[in-house]
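Inside the fold
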Amino acid sequence: LALKWVRDNIAEFGGNPGNVTIFGQSGGGAKCATLMAMPEAHGLFHRVITQSGQQITASRIVTATKNALDFVSALQLSRDRVSLLKTMPMDQLVKASRAPAYLGPDKDERSLPRDPFDPDAPPLSASIPMILGNTLDETRTLIGRGDASLFELTWDTLQPKLEANSPFMGNLDRGKVISEYRRMYPHYTASDVFFAATTASRSWRGQVIEADRRAVQPRGAAPTWVFQFNWRSPADGGKWGAYHGLDVPFVFDNAVLVPEKTGAGDDARRLAAQM
């Protein structure tokens, strides 16, 4: 609906409805990837950028139904009273949204007839240029802000922490992951390995899948680019690195407005101009 509004109205603001770029970070990136597989959105945007957020598959109907029921249950509503959602205060809805395991796109075979990037990149959007990017240290804040001990790990405590804090790694052998990182990056500390491994298994894996599947689309498909944001925030002595979301103030050229994140030095200004 937002994109239809842009199509119908953006010319009044000096915009071109035939040259619309959508971009998003984290969940916003996943939304952009999902729109690429939605027939109703086809033709409403012409370029895509996703930052630290991909969407390979969508929820299945049975899973989405369970999550929806958990949501309305948290609001003490029954199925026959769901119309009350339209009049409930937003803060109440936001609080209840923490009850389900996940709220996101659903492969309902109506609005979303297929998975966004499975088993291949959506042919519907093959003609649309795409940029995918991640930051080098996504999980230093995503996980690290909630557990200060992660910055003081030893080789003895690393594996238990990886087993407890890395849902995106699935059934991977944590011990083998650690030994491979130590082989490839012998200068890494145990904490460095934790954040590198958890970052790699989060949106990085999805980005590689999406980029690879775009790369093998038929000849004549639009190009795809990938970026990696490595610039480290000087905040707190640099402990957070290039954390999840740090690219956002640079993309909007707002680096100087958040010196607590960027330091607002000359290097930050130059990088903002590049981004």
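Note: the structure precedes this text.
Residues numbered from 1 in each chain as written. Predicted model: local features only at pLDDT ≥ 70, side-chain atom pairs only at ≥ 80, totals over all residues. Heavy atoms only, no water.

1. What to know about the overall build of the protein chain
When its secondary structure is counted, the protein chain shows 11 helices and 4 strands. Reported as C-alpha extents along the three principal axes, the dimensions of the protein chain are approximately 55 × 45 × 40 Å. Residues classed as buried in the protein chain amount to 40% of the 275 residues present. Surface summary for the protein chain: the accessible area is close to 15400 Å², and the carbon and sulfur share equals 55%. Counting 31 positive and 29 negative side-chain charges, the protein chain places the averaged centre of each group 2 Å from the other. (Helix = DSSP H or I, 4+ residues; strand = E, 2+ residues; numbered from the N terminus. Buried < 20%, exposed > 50% of the residue type's maximum accessible area, 1.4 Å probe, protein only. Areas by Shrake-Rupley, 256 points an atom, 1.4 Å probe, with all protein chains shown as cover. Lys, Arg positive; Asp, Glu negative; His and termini not counted. Charge placed at Lys NZ, Arg CZ, Asp CG, Glu CD.)

2. Observations concerning the sheet that holds strand β1 (residues 21–25)
The strand order β1-β2-β3-β4 describes an open sheet built from 4 strands, whose pairing is parallel. Each end of this open sheet is capped by a strand with a single partner; those strands are β1 and β4 (224–229). With direction set aside, neighbouring strand axes in the sheet form an average angle of 10 degrees. As defined by bridge partners, strand β2 (residues 47–51) adjoins strand β3 (residues 130–135) across 4 bridges and the pair is classed as parallel. Looking at β3, one finds that isoleucine 49 is bridged to isoleucine 131. Each of β1 and β2 is contacted by helix α2 (residues 27–35), which is oriented at about 140 degrees to β1, the strand it contacts most. (Pairing = 2+ DSSP bridges. Axes fitted to C-alpha atoms, helices over the stretch in contact; angles between N-to-C directions. Contact = heavy atoms within 4.5 Å.)

3. Section: the packing of helix α7 (residues 174–184) against helix α8 (residues 190–215)
For the pair α7 and α8, interaxial distance at closest approach is 10 Å and the crossing angle is 115 degrees. Comparing the axis directions of α7 and α8 gives the class roughly perpendicular. Two packed elements cross with a definite hand, and for α7 against α8 that hand is right-handed. Residue-level inspection shows Val177, Ile178 and Tyr181 of α7 in contact with α8, the latter providing Val193, Ala196, Ala197 and Ala200. (Parallel < 35°, antiparallel > 145°, perpendicular 65-115°, else oblique. Left-handed = near helix turned anticlockwise from the far one by under 90°.)

4. Structural notes on the environment of aspartate 173
By the secondary structure assignment, aspartate 173 is in the loop between α6 (158–165) and α7. Residue class for aspartate 173 comes out partly exposed when judged on its relative accessible area of 48%. Along the backbone, aspartate 173 and glutamate 163 are 10 residues apart, and their C-alpha atoms lie at a distance of 9.2 Å. Reaching out from aspartate 173, the side chain makes a polar contact with the backbone nitrogen of lysine 176 at a distance of 3.1 Å. (Polar contact = N/O pair within 3.5 Å; in protein donor to acceptor, adjacent residues only side chain to side chain.)

5. Re the side chain of glutamine 54
Structurally, the position occupied by glutamine 54 is in the loop between β2 and α3 (61–74). Each residue touching glutamine 54, except ones within four places of it in the same chain, is listed here: Ala30, Leu132, Gly133, Asn134, Ser203, Gly206, Gln207 and Glu210.

6. Details of the pairing of β3
Across the 6 residues of β3, 5 count as buried, placing the element largely inside the fold. Here β3 runs beside β4; their pairing, made up of 6 bridges, is parallel. Within β4, the position partnered with glycine 133 by the bridge is phenylalanine 227.

7. A short note on the packing of α6 against α7
At their nearest, the axes of α6 and α7 sit 9 Å apart, and the two run at 120 degrees to each other. As summarised for this structure, α6 and α7 are arranged oblique, according to the angle between their axes. Like other packed secondary-structure pairs, α6 and α7 cross with a definite hand, here right-handed. Of the residues in α7, those in contact with Leu158, Gln159, Leu162 and Glu163 of α6 are Arg174, Gly175 and Ile178.

8. Thoughts on the pattern of salt bridges
Tallying each qualifying case throughout the model produces 12 salt bridges. Across the salt bridge formed by aspartate 120 and arginine 114, the nearest N and O atoms sit 2.9 Å from each other. The closest approach of N and O atoms between glutamate 180 and arginine 183, which form a salt bridge, is 2.9 Å. Highlighted residues: glutamate 180 and arginine 183, both in helix α7, separated by 3 residues, approximately one helical turn. Owing to a relative accessible area of 31%, glutamate 180 belongs among the partly exposed residues under this scheme. (Salt bridge = Lys/Arg side-chain N within 4 Å of Asp/Glu carboxyl O.)

9. Concerning the packing of aromatic side chains
Taken as a whole and judged by the stated rule, the model has 9 aromatic pairs. Ring centres of tryptophan 231 and phenylalanine 250 lie 5.1 Å apart, and the angle between their planes is 65 degrees; on these two criteria the pair is classed as edge-to-face. Of the two residues, tryptophan 231 is situated in the loop between β4 and α9 (247–251) and phenylalanine 250 in helix α9; the sequence distance between them amounts to 19 residues. Residue classification places phenylalanine 250 among the buried residues on the basis of a relative accessible area of 0%. Through a chain of ring-to-ring contacts, the aromatic side chains of Phe151, Phe194, Phe195 and Trp240 assemble into a single cluster. The ring of tryptophan 240 has arginine 145 sitting right over it, with the charged end atom 4.3 Å from the ring centre. (Phe/Tyr/Trp six-rings, centres within 6.5 Å; stacked < 30°, edge-to-face > 60°. Lys NZ or Arg CZ within 6 Å of the ring centre and 35° of its normal.)

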